[in-house]
Amino acid sequence: MEALTSLLGAINGVVWGPVMLILLLGVGIYLQLGLKLMPIRKLGMGFKLMWAGRDAKPGVGKAAAAKEGDEGEISPFNALMTALSATIGTGNIAGVATAIALGGPGAVFWMWITALVGMATKFAEAVLAVRYRETDSTGYHVGGPMFYIKNGLGKKWLWLGGLFSFFGAVAAFGIGNTVQSNSVADAMDATFGVPHWLTGVVIMVLAGAVILGGIKRIAKVAGKLVPIMGIAYVVAGLLVLIVNAGQIGEAFGLIFYYAFNPMAAAGGFAGAAVMAAIRFGVARGIFSNEAGLGSAPIAHAAAKTKNPVRQGLIAMLGTFIDTILVCTITALVILTSTVWQEGEAGASLTALSFDAALPGFGNQIVAIALAIFAFTTILGWSFYGEKCCQFLFGTRSIMIYRVLFVLAIPLGAIAQLGFIWLMADTFNAMMAIPNLIALALLSPVVFKLTKDYFDGKDVLPGEALDHDQ
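Residues numbered from 1 in each chain as written. Predicted model: local features only at pLDDT ≥ 70, side-chain atom pairs only at ≥ 80, totals over all residues. Heavy atoms only, no water.

Novice: Help me out: how do you make sense of the nonpolar core in this one?
Specialist: For soluble globular proteins, the rule of thumb is that nonpolar side chains tend to be buried together. Formed by 147 residues in total, the largest nonpolar core has its most connected members in W16, F123 and Y384. Examining the composition of this core, we find that 16 residues originate from one element, helix α19 (residues 362-393), more than from any other. Residue contacts for F123: discarding those within four places in its chain leaves L35, M38, V309, G312, L313, M316, V446 and T450. (Core = buried A, V, L, I, M, F, W, Y, C linked by side-chain atoms within 4.5 Å. Buried < 20%, exposed > 50% of the residue type's maximum accessible area, 1.4 Å probe, protein only. Helix = DSSP H or I, 4+ residues; strand = E, 2+ residues; numbered from the N terminus. Contact = heavy atoms within 4.5 Å.)

Novice: Just checking my understanding: could you explain the packing of aromatic side chains for this structure?
Specialist: The description of two aromatic rings rests on the distance between their centres and on the angle between their planes. Counting across every chain of the model gives 20 aromatic pairs. Between Y30 and F447 the ring centres are 5.8 Å apart and the planes differ by 65°, which places this aromatic pair in the edge-to-face class. Of this pair, Y30 sits in helix α2 (residues 18-34) while F447 is found in helix α22 (residues 443-454), placing the two residues 417 residues apart along the sequence. Judged by its relative accessible area of 39%, Y30 falls in the partly exposed class. Through a chain of ring-to-ring contacts, three or more aromatic side chains come together here, namely F109, W110, W112, F252, F256 and F260. The ring of Y132 has R131 lying over it, and the distance from NZ or CZ to the ring centre is 5.1 Å. The ring of F280 has R279 sitting right over it, with the charged end atom 5.1 Å from the ring centre. (Phe/Tyr/Trp six-rings, centres within 6.5 Å; stacked < 30°, edge-to-face > 60°. Lys NZ or Arg CZ within 6 Å of the ring centre and 35° of its normal.)

Novice: Just checking my understanding: could you explain helix α13 (residues 248-258) for this structure?
Specialist: An α-helix turns once every 3.6 residues. As a result, residues three or four positions apart point the same way. Within α13, the full set of buried residues consists of A251, L254, I255 and Y258. Buried residues along α13 cover an arc of 95° about the axis, so they all sit on one side. Buried residues along α13 sit against α8 (106-131), α14 (274-289) and α17 (317-335). (Arc of directions from axis to C-beta.)

Novice: Even after reading the chapter, I still don't get the packing of helix α6 (residues 76-87) against α19, so can you show me in this structure?
Specialist: If you want to describe how two helices pack, look at the angle between their axes and the distance between the axes. One way to put it is that α6 packs onto α19 with a least axis distance of 6 Å and a crossing angle of 115°. Viewed along their axes, α6 and α19 form a crossing whose handedness is left-handed. Only F373, T376, T377, G380, W381 and Y384 of α19 make contact with α6, whose side of the interface consists of T82, A83, S85 and A86. When its residues are assigned to classes, the contact of α6 with α19 shows five nonpolar, five polar and no charged. (Axes fitted to C-alpha atoms, helices over the stretch in contact; angles between N-to-C directions. Left-handed = near helix turned anticlockwise from the far one by under 90°. Nonpolar A, V, L, I, M, F, W, Y, C, P; charged D, E, K, R; others polar.)

Novice: Looking at this model, I keep getting lost on a nonpolar patch on the surface. Mind explaining?
Specialist: A cluster of nonpolar side chains, contributed by W197, L198, V201, V202, V205, L206, L411 and I414, occupies part of the molecular surface with about 760 Å² of accessible area. If you list the elements that add at least two residues to the nonpolar patch, you get α11 (196-211) and α20 (397-414). Structurally, L206 is set in helix α11. Given the relative accessible area of 48%, L206 is considered partly exposed. (Patch = residues over 30% accessible without salt bridge, like charges linked within 9 Å, V, L, I, M, F, W, Y side chains within 5 Å. Areas by Shrake-Rupley, 256 points an atom, 1.4 Å probe, with all protein chains shown as cover. Salt bridge = Lys/Arg side-chain N within 4 Å of Asp/Glu carboxyl O.)

Novice: Explain the confidence of the model for the protein to me, please; I cannot follow it from the model alone.
Specialist: Parts of the prediction with low pLDDT should not have their coordinates interpreted in detail. Per-residue confidence for the protein gives a mean pLDDT of 88; residues scoring 70 or more make up 92%. Predicted confidence is poor over residues 58-68, with pLDDT under 50, and the contacts of this stretch with residues over four places away or in other chains come to 18 contacts. (pLDDT = per-residue confidence, 0-100.)

Novice: Mind showing me how you'd approach unusual backbone geometry here?
Specialist: Note: most peptide bonds trans; most residues except glycine with negative phi. With a phi close to 55°, K36 is a non-glycine residue in the positive phi region. Looking at the element boundaries, K36 is found in the loop between α2 and α3 (38-41). Notably, E290 is not glycine yet its phi reads approximately 60°, a positive angle. Considering the arrangement of structural elements, one finds E290 in the loop between α14 and α15 (296-300).

Novice: I keep staring at the pattern of salt bridges and nothing clicks. Help me out?
Specialist: Oppositely charged side chains may form a pair once their charged atoms are brought near each other. According to the stated counting rule, one finds five salt bridges in the structure shown. Ionic pairing is found between R402 and E386, a salt bridge with its closest N-O pair at 2.7 Å. Highlighted residues: R402 in helix α20 and E386 in helix α19, separated in sequence by 16 residues. E386 carries the same exposure label as R402, and that label is buried.

Novice: What's the story with the side chain of Q180 in this structure? I'm lost.
Specialist: Here Q180 shows up in helix α10 (residues 158-192). For Q180, the residues in contact, after removing those within four places along its chain, are G89, T90, I175, A374, T377 and I378.

Novice: When you look at the layout of surface pockets in this model, what are you seeing that I'm missing?
Specialist: Leftover empty space is mapped by rolling, across the atoms, a probe with the size of a water molecule. The calculated volume of the largest pocket comes to roughly 370 Å³. What lines the largest pocket is a set of 20 residues, and nearest its centre among them are D186, A187, G346, A347 and S348. Looking at the lining of the largest pocket, the elements that each hand over two or more residues are α7 (90-103), α10, α18 (346-357), α19 and α21 (417-441). Considered class by class, the residues forming the lining of the largest pocket number twelve nonpolar, six polar and two charged. Considering only enclosed or pocket space, the second largest pocket measures out at about 260 Å³ in volume. As for the second largest pocket, its lining consists of 13 residues, and the residues nearest its centre are V226, P227, G230, I231 and I321. Ranked by residue count, the leading element in the lining of the second largest pocket is helix α12 (residues 214-243), at five residues. Of the residues in the lining of the second largest pocket, the class split is twelve nonpolar, one polar and no charged. (1 Å grid on protein atoms, 1.4 Å probe; cavity = no way out; pocket = protein on both sides within 12 Å on 5 of 7 lines; lining within 4 Å. Points joined across faces, edges and corners; volume = space filled by probe spheres on them.)

Novice: In this structure, what is going on with the environment of P39? I would like to understand it.
Specialist: With respect to the helices and strands, the residue P39 is situated in helix α3. C-alpha of P39 to C-alpha of M119: the two residues are 80 residues apart in sequence and 6.2 Å apart in space. Excluding anything up to four places from it in sequence, P39 contacts Q32, M119, A120 and M316.

Dropping the structure here:
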């Protein structure tokens with residue numbers, strides 16, 4: 001086991017090293033510049049489309065609805081909620097705390113940069129997912145990086161799509177399953193004294209009831225749970241910030257100053273170099289919003305839309321909501337309390353920070369939020385994993401994958417966390433590599449579709465548009 005851990009550690013050091021972070025940020029910056037900062041400029045339009053997309057036919061009036069057609073299984077709004085169900089998870093509570101504990105307050109600044117760049121990445125992923133999706137043998141729409149690699153780059157790149165699917169199917173058991181149940185079990189044990197195994201069994205039963213029903217059931221649950229839990233967590237965070245109002249200015253000062261200056265050790269805080277702030281800020285930012293990993297486009301490919309760009313505009317909100325809104329609330333709650341300098345990390349740091357402002361309630365708010373966030377992450381990632389498995393082994397493998405996925409949940413709850421985090425982190429990065437290569441090679445398609453959309457010349461799927469045009 002130790003040999004395996006050290007091998008994984010060595011691989012992790014390479015895949016999350018400077019090269020990976022440069023690749024993630026580099027592709028994102030290239031896409032953001034190629035789109036002329038459109039994802040940032042059109043943020044308001046994205047929110048409008050998301051609101052209109054609740055009833056599966058975004059647009060205005062019957063004419064738009066008729067033109068839009070009904071290709072897909074779930075509404076554009078529920079596609080975003082399914083993607084958000086997977087992204088808003090332990091990364092928003094434990095990940096932000098870990099970034100600050102290891103990288104100092106400056107890490108938050110680099111999380112923000114990752115999100116602004118990541119909006120372009122997430123936009124491009126969803127555009128390509130809808131553009132190159134297929135219909136499987138059961139009549140469902142399937143898409144994502146493996147399909148835009150296969151249909152966009154051609155058969156000679158099929159091996160790259162296979163690699164992505166393999167890493168995705170395995171990563172889902174880490175980031176989307178065992179890591180989540182483990183974090184909830186820890187929080188439930190620490191806050192309410194619930195044994196780890198019991199938490200695992202309860203999550204398994206509840207998640208199994210949803211997962212075995214497929215994407216429509218997952219999207220239905222995500223469409224209800226995600227907005228409620230997201231808003232409730234933000235409101236709880238704002239309550240803390242009202243209590244700590246006097247420290248907010250100082251917290252922002254710390255974030256901007258230590259983004260570019262090393263931080264000395266203080267109390268239980270070990271100190272952090274600027275490179276650590278960048279590394280942990282970017283890595284935890286990606287872990288939280290998943291821009292560039294290639295996971296979210298699998299959900300967006302199932303959206304009822306004929307227009308890739310419209311779904312892209314909705315998809316990019318995922319990164320904004322996850323990191324700029326939810327992660328920032330967590331970061332400010334932590335930095336306006338003094339607990340972060342006492343050597344705590346992970347979810348317990350966030351819980352202690354909430355508790356400092358709301359004694360007696362803070363701990364419980366975080367434990368409940370963590371449980372619901374993690375539960376919906378398990379739902380979203382089960383869908384991602386099964387689609388990767390389907391690409392490799394065909395439609396028949398879906399039910400086997402679902403059953404194995406559900407059975408792994410209680411195992412995660414009682415396992416050792418260190419090794420699981422390491423595995424999840426490593427396979428996450430390995431997913432990103434094939435996806436980023438595809439995004440870079442297919443970027444001309446994204447730019448052309450986007451230009452045509454805003455020029456009023458929609459190119460819909462099925463019309464000729466080659467990646468080498």
